[in-house]
Amino acid sequence: MDGNVAFALLLTLFAGLATGIGSLLSLLTSRTNTKFLSVALGFSAGVMIYVSLVEIFVKAKDSLVAELGATNGYWMTIVGFFGGMFVIAIIDRLIPTLGNPHEVKSVEDMDVKLSNPEHTKLMKMGVFTALAIGIHNFPEGIATFASALQDPSLGIAIAIAVAIHNIPEGIAVAVPIYYATGSRKKAFKLSFLSGLAEPVGAFVAYLVLMPYLNGVVFGVVFAAVAGIMVFISLDELLPAAKKYDETHSSIYGVVAGMLVMALSLVLLTK
C-alpha cells in the first residue's frame, strides 16, 4: 500500500470518527450550539456542492472524454453523476423511518423524562439510527477515499466537510441510546462504531477498485462521487442546517464554504 492510499484511508477514518465527536458533544455539554451547527452544516454543504460541480465533475468528464471521446465521454459522465445520486437515494429509501439519521436531535432532549415503553422504543430507534448511519456512511467513505486518492488537497477539504456533516449524526445516535440506557458509555460506543463504516467503505473501495483502476473506471467513480455529494448536501445538510438556523446562518455558511473551497482550489492549483 503506497503513501497516497494510506493517506486517503486515514482521511476517511478521520471523517467517519467525527460521529464520535457529535456523541461527545451531546454527552458532555448541557446545551446545543444551534448557531454553530447551522453555520457548520451550511459550510459543509457549500464545500461539497462547489467542489462536486466545479472540480470533481469536470475531472471525471476530462478523464472519460480522453478515454471514450467527446460525446461518449460526456454521456458516461452524466450517467455516473446521476448513478451516484440514484445509489444514495436507494440507500435512503431502504433505511427504516424509525432509524432516520437525518432527524435533528439536540442535547436538551436528554432532559426529558420518559416512561418504560418510551425507553424501549428509543433504544430501538437508537440502534436503527446507528445502523442507518453506518449504511449511509459506506458510500461517503468511498467518495472521500476516491477524492483523496486523486488529489490529496481535495481529499482534505472533502474529509473536513464530511466530518462536519457527521457531527449531528453522532448526536442523533447518542441521544436516544442515552435515553434508553442511561449509559453515556453505551451511547458513545454505538455512535463511534457507526462512524467506522466510512473507513470500511474506503477499504472496500481500495480492495475492489484498485486492481481495475484505469481512466474509464476512475472517471465513472469520480462522477458518481460528485453525484453522491450533491445529493447528500441537498437531502441532508441543507435541511438540517435550516432546522438549526438562526437569522440565515445556514446560507451564510453555504456561501462561506463555497468561497473557501474556491480560494483553496485556486491557491492549491499547481
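Look above for the structure.
Basis of the calculations
- Residues numbered from 1 in each chain as written.
- Predicted model: local features only at pLDDT ≥ 70, side-chain atom pairs only at ≥ 80, totals over all residues.
- Heavy atoms only, no water.
- Helix = DSSP H or I, 4+ residues; strand = E, 2+ residues; numbered from the N terminus.
- Buried < 20%, exposed > 50% of the residue type's maximum accessible area, 1.4 Å probe, protein only.
- Contact = heavy atoms within 4.5 Å.
- Areas by Shrake-Rupley, 256 points an atom, 1.4 Å probe, with all protein chains shown as cover.
- Expected span 1.5 Å × (residues − 1).
- Axes fitted to C-alpha atoms, helices over the stretch in contact; angles between N-to-C directions.
- Parallel < 35°, antiparallel > 145°, perpendicular 65-115°, else oblique.
- Left-handed = near helix turned anticlockwise from the far one by under 90°.
- Polar contact = N/O pair within 3.5 Å; in protein donor to acceptor, adjacent residues only side chain to side chain.
- Phe/Tyr/Trp six-rings, centres within 6.5 Å; stacked < 30°, edge-to-face > 60°.
- Salt bridge = Lys/Arg side-chain N within 4 Å of Asp/Glu carboxyl O.

Visitor: Which residues make up the overall build of the protein, and what are the values?
Guide: If you tally the helices and strands in the protein, you get 10 helices and zero strands. Start at the N end of the protein and walk to the C end: the helices and strands fall as α-α-α-α-α-α-α-α-α-α. By residue count, 50% of the 270 residues in the protein fall in the buried class. Once local pairs closer than 6 in sequence are excluded, the contacts in the protein between residues at least 24 apart make up 89%. Just so you have it, the protein exposes about 12,500 Å², and 70% of that area is on carbon and sulfur atoms.

Visitor: Describe helix α8 (residues 197-209), with residues and values.
Guide: With 13 residues, α8 extends 18 Å from end C-alpha to end C-alpha; this agrees with the ideal 18 Å at 1.5 Å per step. Turning to α8, its buried residues number three or more, namely Ala197, Glu198, Pro199, Gly201, Ala202, Ala205 and Tyr206.

Visitor: Describe the packing of helix α4 (residues 70-94) against helix α9 (residues 215-243), with residues and values.
Guide: The interhelical angle for the contact between α4 and α9, taken along N-to-C directions, is 45°, at an axis separation of 7 Å. Taken together, the axis directions place α4 and α9 in an arrangement best described as oblique. Considering how the two elements wind past one another, α4 and α9 form a crossing that is right-handed. Residue-level inspection shows Met76, Thr77, Gly80, Phe81, Gly84, Met85, Ile88, Ala89 and Asp92 of α4 in contact with α9, the latter providing Val220, Ala223, Ala224, Ala226, Gly227, Ile228, Val230, Phe231, Ile232 and Asp235.

Visitor: Which residues make up the side chain of Ser191, and what values do they have?
Guide: Position of Ser191 among the secondary structure elements: in helix α7 (residues 184-195). Polar side-chain contacts of Ser191 include one of 3.0 Å to the backbone oxygen of Thr19. For Ser191, the contacting residues outside a window of four places in its chain are Thr19, Gly20, Ser23, Gly170 and Val173.

Visitor: Requested: an account of the packing of aromatic side chains, with residues and values cited.
Guide: Evaluation of the coordinates by the stated rule reveals five aromatic pairs. Plain terms: the ring middles of Phe188 and Phe192 are 5.8 Å apart, the flat faces sit at 35° to each other, and that makes the pair tilted. One end of the pair, Phe188, and the other, Phe192, are both in helix α7, four residues apart, so they sit about a helical turn from each other. You can call Phe192 partly exposed: its relative accessible area is 30%. Ring geometry for Phe203 against Tyr206: centres 6.1 Å apart, planes inclined by 35°, an arrangement best described as tilted. Linking Phe203 with Tyr206, this pair stays in helix α8, spanning three residues, or about one helical turn. Accessibility expressed as a relative area gives 39% for Phe203, which makes it partly exposed. Assessed through its relative accessible area of 19%, Tyr206 is described here as buried. By way of ring pairs, the aromatic residues Phe57, Phe81 and Phe82 are connected into one cluster.

Visitor: Give a description of the side chain of Ser233 that names residues and reports values.
Guide: With respect to the helices and strands, Ser233 occurs in helix α9. Under the relative-accessibility criterion, Ser233 is labelled buried at 0%. From its side chain, Ser233 meets the backbone oxygen of Met229 in a polar contact 2.8 Å long. The contact partners of Ser233, leaving out residues within four places of it in the chain, are Ala45, Met48, Ile49, Leu238 and Pro239.

Visitor: Report on the pattern of salt bridges, specifying residues and quantitative values.
Guide: All chains considered together, the criterion is met by three salt bridges. Between Glu55 and Lys59 there is a salt bridge, with its nearest N and O atoms 3.1 Å apart. With a gap of four residues between them, Glu55 and Lys59 both fall in helix α3 (residues 34-68), about one helical turn apart. A relative accessible area of 22% places Lys59 in the partly exposed class. Overlapping salt bridges, with partners in common, bring together Glu55, Lys59 and Asp151 in one network.

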